[in-house]
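Spelled out, the chains give:
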Amino acid sequence: MDFSWFVFGVIDFLKFLIPISIVLFILHKIIFPIKEKLSNKYDLSWVKACLLINFVIIFLIIFSSYLYFFFIGGLIAPTGEHIINYDLFENLLLIGLALLRIIIVTIILSIALLFFEFFASFIIELLDKKDYSLTIKLFLGIACSTTIFLVLLFFFFNWVPLGLFVYIFYGFVSDLPLLTIINVF
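For clarity, every value in this text was computed on a predicted model and none was experimentally measured. (Residues numbered from 1 in each chain as written. Predicted model: local features only at pLDDT ≥ 70, side-chain atom pairs only at ≥ 80, totals over all residues. Heavy atoms only, no water.)

Draft legend 1. Molecular detail of the overall build of the protein. The secondary structure content of the protein amounts to six helices and zero strands. In the protein, the order of α-helices and β-strands from amino to carboxyl end is α-α-α-α-α-α. The proportion of buried residues among the 185 residues of the protein is 22%. Of the contacts made within the protein by residues no fewer than 6 positions apart, 77% connect residues no fewer than 24 positions apart. (Helix = DSSP H or I, 4+ residues; strand = E, 2+ residues; numbered from the N terminus. Buried < 20%, exposed > 50% of the residue type's maximum accessible area, 1.4 Å probe, protein only. Contact = heavy atoms within 4.5 Å.)

Next up, the structure:
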């Protein structure tokens, strides 16, 4: 039996895992002091501080990408008599409705991300018995947590990114299927 596909699959997975782990490690080094200051200033527990930081970061990423595509779409959309043009109030209404969906998605992703932070801290606690430096412990915890995340994303929940994209950007375009059936009768 030829196992070269397995070996090359693992190598490709590692080529994907290592840069993501390095970027997440750098982000952890940047965000950790902010989380500590927030936790000390407002007397928050570790879980509350992580949830708050996750919420703010995810919200800013999703909302800024939504606004970018919203305005780019408005700039490159053709204009004319036959095409519906929105006024300022309608554009703000669309952004407000999207803001509600973005908040819902952000809450869900913040809670889901908390699981991976728990797992990373669990790995770091397991490695406390070893004589590794704190940097290596942090990187290994983040790499293990990222591995679990990527395996879950690629093999079990590969529909989630597209579903979130459709929910955020196109959640207001059509009715739910049940409502369409009710409107027919």
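Draft legend 2. View of the side chain of Lys137. Within the secondary structure layout, Lys137 lies in helix H4 (residues 134-155). The exposure class of Lys137 is buried, given its relative accessible area of 8%. When residues no more than four places from it in sequence are discounted, the contact partners of Lys137 are Ile124, Leu127, Asp128, Lys130 and Tyr132.

Draft legend 3. Highlighting the packing of aromatic side chains. Throughout the structure, instances matching the rule amount to 15 aromatic pairs. Relative to Phe118, the ring of Trp46 has its centre 5.2 Å away and its plane inclined at 45°; by these criteria the two rings are tilted. Placement of the pair is Trp46 in helix H2 (residues 46-76) and Phe118 in helix H3 (residues 88-126), with a sequence separation of 72 residues. Taking 5.1 Å as the distance between ring centres and 70° as the angle between the ring planes, the aromatic pair formed by Tyr68 and Phe69 counts as edge-to-face. Connected via pairs of aromatic rings, a cluster forms that spans Tyr66, Tyr68, Phe69, Phe70, Phe71, Phe165 and Phe169. (Phe/Tyr/Trp six-rings, centres within 6.5 Å; stacked < 30°, edge-to-face > 60°.)

Draft legend 4. Molecular detail of the environment of Val151. Tracing the chain through its elements places Val151 in helix H4. When neighbours within four sequence positions are excluded, Val151 is seen to be in contact with Phe13 and Phe156.

Draft legend 5. Here's a closer look at the packing of H3 against H4. At their nearest, the axes of H3 and H4 sit 8 Å apart, and the two run at 140° to each other. Of the possible angle classes, the one that applies to H3 and H4 is oblique. When the axes of H3 and H4 are compared, the crossing they make is right-handed. Contacts between H3 and H4 pair Phe115, Phe116, Phe119, Ala120, Ile123 and Ile124 from the former with Lys137, Leu138, Leu140, Gly141, Ile142, Cys144, Ser145, Ile148, Phe149 and Leu152 from the latter. Considering only residue class, the contact of H3 with H4 consists of 13 nonpolar, two polar and one charged. (Axes fitted to C-alpha atoms, helices over the stretch in contact; angles between N-to-C directions. Parallel < 35°, antiparallel > 145°, perpendicular 65-115°, else oblique. Left-handed = near helix turned anticlockwise from the far one by under 90°. Nonpolar A, V, L, I, M, F, W, Y, C, P; charged D, E, K, R; others polar.)

Draft legend 6. Just the pattern of salt bridges, in detail. Applying the stated criterion across every chain yields a total of two salt bridges. Among the salt bridges present, the one from Lys15 reaches Asp12, with a minimum N-O distance of 3.6 Å. Of this pair, Lys15 and Asp12 both sit in helix H1 (residues 4-42), three residues apart, which is roughly one turn of the helix. On the basis of relative accessibility, which here comes to 56%, the residue Lys15 falls in the exposed class. Judged by relative accessible area, which is 46%, Asp12 ranks as partly exposed. Measuring nitrogen to oxygen at the nearest pair gives 3.4 Å for the salt bridge that ties Asp128 to Lys137. (Salt bridge = Lys/Arg side-chain N within 4 Å of Asp/Glu carboxyl O.)

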